[in-house]
Amino acid sequence: MNTPSAILDRTLLKKDGSRPVLHPWIYASAVQSLNGNPAAGDIVAVREPNGAFIAFGHYSPHSRIRIRLLSGKESEFPDSKWFFSKLETSFGLRKSYLEKNASSNSCRLVFGESDGLPGLVIDRYGSILVAQFLTCGMDRLKEMIATAALEISGATAFYERGDCEIRKLEGLGDSSGLIAGKPVPDDVDFHVAENGLLFHMDLFKGQKTGFFLDQRHNRRTVSEFINSGADVLDCFSYTGGFGIYAAKAGAGSVTLLDESESALAIARKNMALNNLDSSKAEFIAGDAFSVLREFRDRGRQFDFIILDPPKFAPTKATLPRAERAYKDVNLLAMKLLRKGGMLATFSCSSGMDRENFRKVLQWASGDAGRDVQIIWNFSQPPDHPVRLNFPESEYLKGFLCRVL
Ligand code: SAH
C-alpha cells in the first residue's frame with residue numbers, strides 16, 4: 001500500500017528495545033521528514049528513522065498536533081471496516097451502563113482519544129445521535145461514520161454540531177446539520193431523562209452537543225447533600241442541571257445564574273417540566289463574577305453553592321490566568337456561604353489537574369478567611385473514560401466542600 005510516511009526525529013524505543021504505549025498526539029516538532037505528499041486528513045504511517053512501523057494516524061497540516069494515532073498495527077489499516085469495528089466496541093462498552101441506568105436515555109458513545117478515535121465525539125440522546133468532528137481526518141469520514149453509527153446503534157438520526165473553536169485550529173469551518181437518517185422536526189421538544197428528572201434540550205442551538213451529560217452522577221450526589229429549606233445558588237447553571245435537582249431535593253430557594261438568557265429560558269421550562277414550584281426559583285442573567293460581587297456587597301447569603309464554570313484553562317499555557325479566575329470565583333462563593341454551608345466546585349479544564357485545583361481552593365480559602373473541609377471528590381462518569389496514555393482526557397474534577 002502506498003501510504004505516505006512520517007518519520008519521527010527520534011526513536012521511540014525504550015532502553016530495553018520495547019516500545020512504550022504512545023500518547024496519541026504527534027506534534028509537528030517531532031516529525032523529522034515526510035515521505036509522500038499527504039493532504040489534510042489523509043492517513044499516514046508513522047515510522048522510526050530506521051523505517052520500523054509505529055502506527056497509522058490522521059494527518060493535520062494546519063495544526064501543531066500534526067498526527068493523531070489510530071491503529072498501532074501495520075496489519076490493521078484504518079479503513080471503513082476498522083472504523084466500524086472501533087465504533088462497535090465503543091458503543092458496546094456503554095451498553096450495560098445504559099441498561100443499568102434505565103432512568104437515563106442519554107449517554108456519550110464515543111469520547112475521542114479515550115476510545116481510540118481521536119477527534120470524534122458522539123453523544124446519544126434517545127434515538128438521536130449528535131457528533132462533533134474535531135480533526136480534518138475525522139471530518140472527511142463523517143458520512144461513513146454516521147452510516148455505521150446508525151447501523152450499530154439503531155438510532156434514527158445522526159446530526160453534526162460543528163460550531164466549535166477546535167475545528168478552526170484544523171483549518172475547518174463551522175458545519176452543523178443532519179448527516180444521515182431521518183431529520184427531526186425543527187420544533188422537536190426533546191427531553192433528556194436523568195435520575196428520574198427531565199430536561200428540555202435544544203438539539204440545534206444548545207451548547208456543545210446540547211446538554212452536559214458529564215455531570216449526571218455529580219448532580220445526584222450534590223442533591224443528596226441539599227437539606228430541605230436550604231437557600232441554593234446554581235452558578236453557571238446553563239439549563240438548570242444542578243438547580244433542578246436542588247429544587248427537587250426540597251431547597252427553600254434556588255437561584256440560577258448564567259450569562260446565557262436562552263439557557264435560562266430553558267431552565268425555567270425545566271422547573272415546570274418537573275412539576276417544581278417556580279415561585280421558589282430566581283433566574284439571573286449576567287456575568288457570574290459581577291453578580292457574585294454584588295451579592296457580597298449586599299450581604300446576600302446561601303446554604304449551598306454550585307460552581308460549574310466553563311473551561312477557563314483549555315491548555316496548560318492558559319493556566320496562570322485561569323488559576324486566578326478559579327480562585328476569584330471560589331473566593332467570592334466562600335464569602336457568600338453561611339457558616340457550615342456547602343460548596344460544590346468544579347473545573348472542566350484539562351489544563352488544570354486535581355492537585356492544582358485543590359491548591360487554588362486553598363488559596364481562595366486563605367483569602368476568604370474560611371476554613372474548608374473536603375467531604376467528596378467529584379470526577380467524570382464511566383461514559384467519559386480516562387485513557388492512561390492520554391492524561392488530557394481526565395478533564396472534569398471537583399470537590400464538595402464544607403465551608404466553616
Ligand atoms: N452546570 C451546567 C453546565 C454549565 S456549563 C449543567 O449542569 O448543565 C457553563 C455555563 O457557564 C454555560 O451555560 C455558560 O453560558 C456559562 N457562562 C460562561 N461564562 C459565564 C460568566 N462569565 N458568567 C455567567 N455564566 C457564564
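Residues numbered from 1 in each chain as written. Predicted model: local features only at pLDDT ≥ 70, side-chain atom pairs only at ≥ 80, totals over all residues. Heavy atoms only, no water.

### Focus: the site of the ligand
Step number 1: In the vicinity of the ligand there are 16 residues, among which Arg 219, Asp 258, Asp 287, Ala 288 and Asp 308 approach most closely.
Step number 2: Ala 288 is positioned with one of its backbone polar atoms (N or O) 2.8 Å from a nitrogen atom of the ligand.
Step number 3: In the complex, 93% of the free accessible area of the ligand, which totals 590 Å², lies under the protein chains.
Step number 4: Considering only residue class, the shell around the ligand consists of six nonpolar, five polar and five charged. (Near = heavy atom within 4 Å. Polar contact = N/O pair within 3.5 Å; in protein donor to acceptor, adjacent residues only side chain to side chain. Areas by Shrake-Rupley, 256 points an atom, 1.4 Å probe, with all protein chains shown as cover. Nonpolar A, V, L, I, M, F, W, Y, C, P; charged D, E, K, R; others polar.)

### Describing the side chain of Thr 221
Step number 1: Turning to its location among the elements, Thr 221 is positioned in helix 5 (residues 216-224).
Step number 2: In contact with Thr 221, not counting residues within four places along its chain, are Trp 376 and Phe 378. (Helix = DSSP H or I, 4+ residues; strand = E, 2+ residues; numbered from the N terminus. Contact = heavy atoms within 4.5 Å.)

### Some remarks on the domain arrangement of the chain
Step number 1: Segmentation of the chain into domains returns domain 1 (5-69), domain 2 (80-181) and domain 3 (212-403).
Step number 2: The interface of domain 2 with domain 3 comprises 14 residues on the first partner and 14 residues on the second.
Step number 3: For domain 2, the biggest contributors to the area lost against domain 3 are Tyr 97, Phe 111 and Ser 114; these three give 47% of the whole.
Step number 4: Where domain 2 touches domain 3, the interface holds zero salt bridges. (Domains from an automatic or database assignment. Buried area = accessible area lost by both parts, 1.4 Å probe. Salt bridge = Lys/Arg side-chain N within 4 Å of Asp/Glu carboxyl O.)

### Re the side chain of Asp 383
Step number 1: Tracing the chain through its elements places Asp 383 in the loop between strand 19 (372-378) and strand 20 (397-403).
Step number 2: Here Asp 383 falls in the buried class, since its relative accessible area comes to 0%.
Step number 3: Of the polar contacts made by the side chain of Asp 383, one reaches the backbone nitrogen of Arg 108; its length is 3.0 Å.
Step number 4: Residues within four places of Asp 383 in sequence aside, it is in contact with Arg 94, Tyr 97, Cys 107, Arg 108, Phe 111 and Arg 216. (Buried < 20%, exposed > 50% of the residue type's maximum accessible area, 1.4 Å probe, protein only.)

### Points about the packing of aromatic side chains
Step number 1: Taken as a whole and assessed by the stated rule, the structure comprises 21 aromatic pairs.
Step number 2: Taken together, the ring pairs connect Phe 236, Phe 289, Phe 312, Tyr 326, Phe 357 and Phe 399 into an aromatic cluster.
Step number 3: Seen from the ring of Phe 399, Arg 354 lies directly overhead, with NZ or CZ sitting 5.7 Å from the centre. (Phe/Tyr/Trp six-rings, centres within 6.5 Å; stacked < 30°, edge-to-face > 60°. Lys NZ or Arg CZ within 6 Å of the ring centre and 35° of its normal.)

### Digging into unusual backbone geometry
Step number 1: A positive phi angle is found at Tyr 238, which is not glycine, with a value near 50°.
Step number 2: If you trace the backbone, Tyr 238 turns up in the loop between strand 14 (231-235) and helix 6 (241-248).

### Details of the pattern of salt bridges
Step number 1: Under the definition given, this model contains 22 salt bridges.
Step number 2: Two residues, Arg 167 and Asp 139, come together in a salt bridge whose shortest N-O distance is 2.9 Å. Of this pair, Arg 167 sits in helix 4 (residues 165-169) while Asp 139 is found in helix 2 (residues 136-139), placing the two residues 28 residues apart along the sequence. With respect to burial, Arg 167 and Asp 139 carry one shared label: buried.
Step number 3: The shortest N-O distance in the salt bridge between Arg 296 and Asp 297 comes to 3.2 Å.
Step number 4: For Arg 296, a relative accessible area of 36% gives the class partly exposed.
Step number 5: Through salt bridges with shared partners, a single network forms among Asp 139, Lys 142, Glu 160 and Arg 167.

### Section: the sheet that holds strand 20
Step number 1: With mixed pairing, seven strands are arranged side by side in an open sheet as 16-15-14-17-18-20-19. Either end of the sheet is taken by a strand with one partner, and the two such strands are strand 16 (281-285) and strand 19. Strand after strand, the sheet turns through a mean of 15° between neighbouring axes, direction not considered.
Step number 2: Its contacts with the sheet put helix 5 on strand 17 (302-307), strand 18 (337-347) and strand 19, and the angle it makes with strand 19 is roughly 140°. (Pairing = 2+ DSSP bridges. Axes fitted to C-alpha atoms, helices over the stretch in contact; angles between N-to-C directions.)

### Details of the packing of helix 9 (residues 319-336) against helix 10 (residues 354-368)
Step number 1: In the contact formed by helix 9 and helix 10, the axes pass within 8 Å of each other and the chain directions differ by 45°. One element, helix 9, and the other, helix 10, form an angle in the oblique class. Considering the relative orientation of helix 9 and helix 10, their crossing is right-handed. Residues Leu 319, Glu 323, Arg 324, Tyr 326, Lys 327, Asn 330, Leu 331, Met 334 and Lys 335 of helix 9 form the contact with helix 10, whose own contacting residues are Asn 356, Phe 357, Val 360, Leu 361, Trp 363, Ala 364, Ser 365, Asp 367 and Ala 368.
Step number 2: Along the lines of polarity and charge, the residues of the contact of helix 9 with helix 10 split into 10 nonpolar, three polar and five charged. (Parallel < 35°, antiparallel > 145°, perpendicular 65-115°, else oblique. Left-handed = near helix turned anticlockwise from the far one by under 90°.)

### Side note on the environment of Ala 45
Step number 1: You can see Ala 45 is positioned in strand 4 (residues 43-47).
Step number 2: Since its relative accessible area comes to 1%, Ala 45 is described here as buried.
Step number 3: For Ala 45, the contacting residues outside a window of four places in its chain are Thr 3, Pro 4, Ser 5, Ala 6, Phe 53, Ala 55 and Phe 56.

### Some words on the packing of helix 1 (residues 80-100) against helix 3 (residues 142-153)
Step number 1: Taken N-terminus to C-terminus, the directions of helix 1 and helix 3 make an angle of 45°; their axes are 10 Å apart at the nearest point. By the angle between their axes, helix 1 is oblique relative to helix 3. The chirality of how helix 1 crosses helix 3 is right-handed. For the pair helix 1 and helix 3, contact is made by Ser 80, Phe 83, Phe 84, Leu 87, Glu 88 and Phe 91 and by Met 144, Ile 145, Ala 148, Ala 149, Glu 151, Ile 152 and Ser 153, respectively.
Step number 2: Looking at the contact of helix 1 with helix 3 residue by residue, the class counts come to nine nonpolar, two polar and two charged.

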